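A closer look at the structure
Now for the letters of each chain:
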Amino acid sequence: MGNVFQSGAFLQQCFSVHPLSLNFKLFTMPGTIGIFCMNCKSRHRLTVGTITRIIGDAKWSEEGASAKLETCAGHHQEALHVTEVSVERDIVQFRCRECRVGFQATVSRFETYQP
C-alpha cells in the first residue's frame, strides 16, 4: 500500500503542474469527492462541507448544487474537470463541459494516496 498524506498541497501541485491530467472520479453524498491524477497516479480524496453552483465568478445557487453535481458525476463524469485549487481558501472548483455549470466545493479535509 502507498503513502497517505493529509494535505491539500499535493492536489495543488498536481493542478499547477499538469491540470489536464486530473480526472473527476466520484462524488458520494453527503460530501466525498474523488479525483485521480493520470500523470502521477495519485488519488485525491476531498471531504467537502458545502458545494455552491457558480456561473463565472458570481455565486448562483447553493440549493440543489450537491444534487446537480451528483447528476453530472453520474451521467457524464468525463465532462467534469478541475478549474481551480486553492489550499489557502480551502476550495476546489469544477466545471461540467456538457452542462456548462461551475461548482465550488469548500473542502474540510484533503487526502492524497500515492502509489
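Note: the structure precedes this text.
An account of the accompanying structure is given in this report.

Conventions we followed
Residues numbered from 1 in each chain as written. Predicted model: local features only at pLDDT ≥ 70, side-chain atom pairs only at ≥ 80, totals over all residues. Heavy atoms only, no water. Salt bridge = Lys/Arg side-chain N within 4 Å of Asp/Glu carboxyl O. Helix = DSSP H or I, 4+ residues; strand = E, 2+ residues; numbered from the N terminus. Buried < 20%, exposed > 50% of the residue type's maximum accessible area, 1.4 Å probe, protein only.

Below, the discussion takes up the pattern of salt bridges. Scanning the entire structure with this criterion turns up three salt bridges. Across the pair Glu111 and Arg45 runs a salt bridge whose closest N-O atoms are separated by 3.4 Å. Of the two residues, Glu111 is situated in strand 8 (residues 101–114) and Arg45 in strand 4 (residues 43–55); the sequence distance between them amounts to 66 residues. A relative accessible area of 6% means that Glu111 is categorised as buried. Given a relative accessible area of 39%, Arg45 falls into the partly exposed group. The salt bridge partner of Glu111 is Arg109, with a shortest N-O separation of 3.3 Å. Under the relative-accessibility criterion, Arg109 is labelled partly exposed at 39%. Through salt bridges that share partners, Arg45, Arg109 and Glu111 make up one connected network.

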